[in-house]
Structure formats: C-alpha cells, structure tokens
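Residue-level structural notes
If you want the building blocks of each chain, they are given just below.
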Amino acid sequence: VFVVLFFFFFKQKTAYEISACLVGSEMCIRDSDIFDYLSLLIFPNFDYNRVIMLQTFVKLGIAGVCFYRYCQYHHYSSSTSIIGSLLFAFSSYSLEALKDPFFLSFYIFIPLYFLAIDRYLIEKKKIGYILITAFLAITNYYHFYSLSVFSVIYFMYRYSCLHNTLLSLIHI
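Residues numbered from 1 in each chain as written. Predicted model: local features only at pLDDT ≥ 70, side-chain atom pairs only at ≥ 80, totals over all residues. Heavy atoms only, no water.

A positive phi is found at His75, a non-glycine position, where the angle reads about 60°. Relative to the assigned elements, His75 resides in the loop between helix 4 (48-73) and helix 5 (78-89). On the accessibility criterion, His75 (72% relative accessible area) is exposed. The phi dihedral of Lys124 falls on the positive side, at around 60°, and the residue is not glycine. In this structure Lys124 comes out as exposed when scored by relative accessible area, which is 58%. (Helix = DSSP H or I, 4+ residues; strand = E, 2+ residues; numbered from the N terminus. Buried < 20%, exposed > 50% of the residue type's maximum accessible area, 1.4 Å probe, protein only.)

Pasting the structure below:
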C-alpha cells in the first residue's frame, strides 16, 4: 500500500505521465475540449503539437473578442474595451494556462457567461444563459463549479446595481 501511495501521491509526475490514477490522463482532458474536435475536422493530417499551438493562439483571440463584446454591451468606450480585452486575453491566468492550453477553453467563454447573466437581468432573455451554462458545464465541470459559486455573488451585485439596492433582492 505504501508503494502505491508513494507512486501516485509523492512522486513528481504530471497528469500527462500518469495513465491510470486519480488525476486522470491526457485523453480525459482532451476529450472535453471543443477546439480539439474542430481542429481534427479542419486539420486532420497536421502534427498534433502544431495544432495545439494554433489552438492556443485562436483561444487567446476568442477570449479578447468575448471580453470586447461584454464591454460593448455595457457601453464602455472603444479604447477601454480594446485595452480591457487585451488585458483579459493576456491575463496571468491565460498565460499560466499556456502550459496546459486545454483549460483555456473554459476561460475564454466566461465573459459571455456574465453577459448572459446581465442580459437576463436587463432584458429577461433566458435562452442565452441556458446555452452558455450548458456549454461551460460540458467544457469543464470543475471550473464550472467554481464559476457557479462566484456567479451568485455576481448576480447579487448586478441586481443591486440595477435596482439601486441589495435589500430588494432579499425582500426585507
């Protein structure tokens, strides 16, 4: 038992080196990445490492576009939206995720998630929120769990901003 515990928990290995353990394998991470499926359709004969590099650049670009859309919905100026989009696309999390770009697939759509919450609060449009929630839950369940906890705080904040009070949310 000690040898098994030592091998799985104390030996310095990455998730890619462990084929069957509690951490998982590379295929487990890749199987939920929508960009992998699209890349296999577009570039079926390319070297997988080059496809991953191309995916990473595309993901960073999409992250910037999604955040730009969020800023434009809130009527920020063009220069503020562009600077914010660049800061979001090249934030410390996205640069850290360059080591494992599969986690960027969830990160890039977070602005659309918060945009969907805002559209629900302002315009009462539910379908966008339902679709982006389902998509993010499928993309990465573990990150989605954290986002769900934070989205309650965001919802309360945005609701209080729109209605000028937090008390109306609590019905006191």
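Picking up where we left off.
Glancing now at the environment of Pro101. Residue position: Pro101 is located in the loop between helix 6 (92-96) and helix 7 (104-107). Classification of Pro101 as buried rests on a relative accessible area of 8%. Taking the C-alpha atoms as reference points, Pro101 and Met53, 48 residues apart in sequence, are found 8.6 Å from one another. Sequence-distant contacts of Pro101, that is, excluding residues within four places in its chain, are made with Ile52, Thr56 and Lys59. (Contact = heavy atoms within 4.5 Å.)

The values are spatial; any link to function lies outside them.
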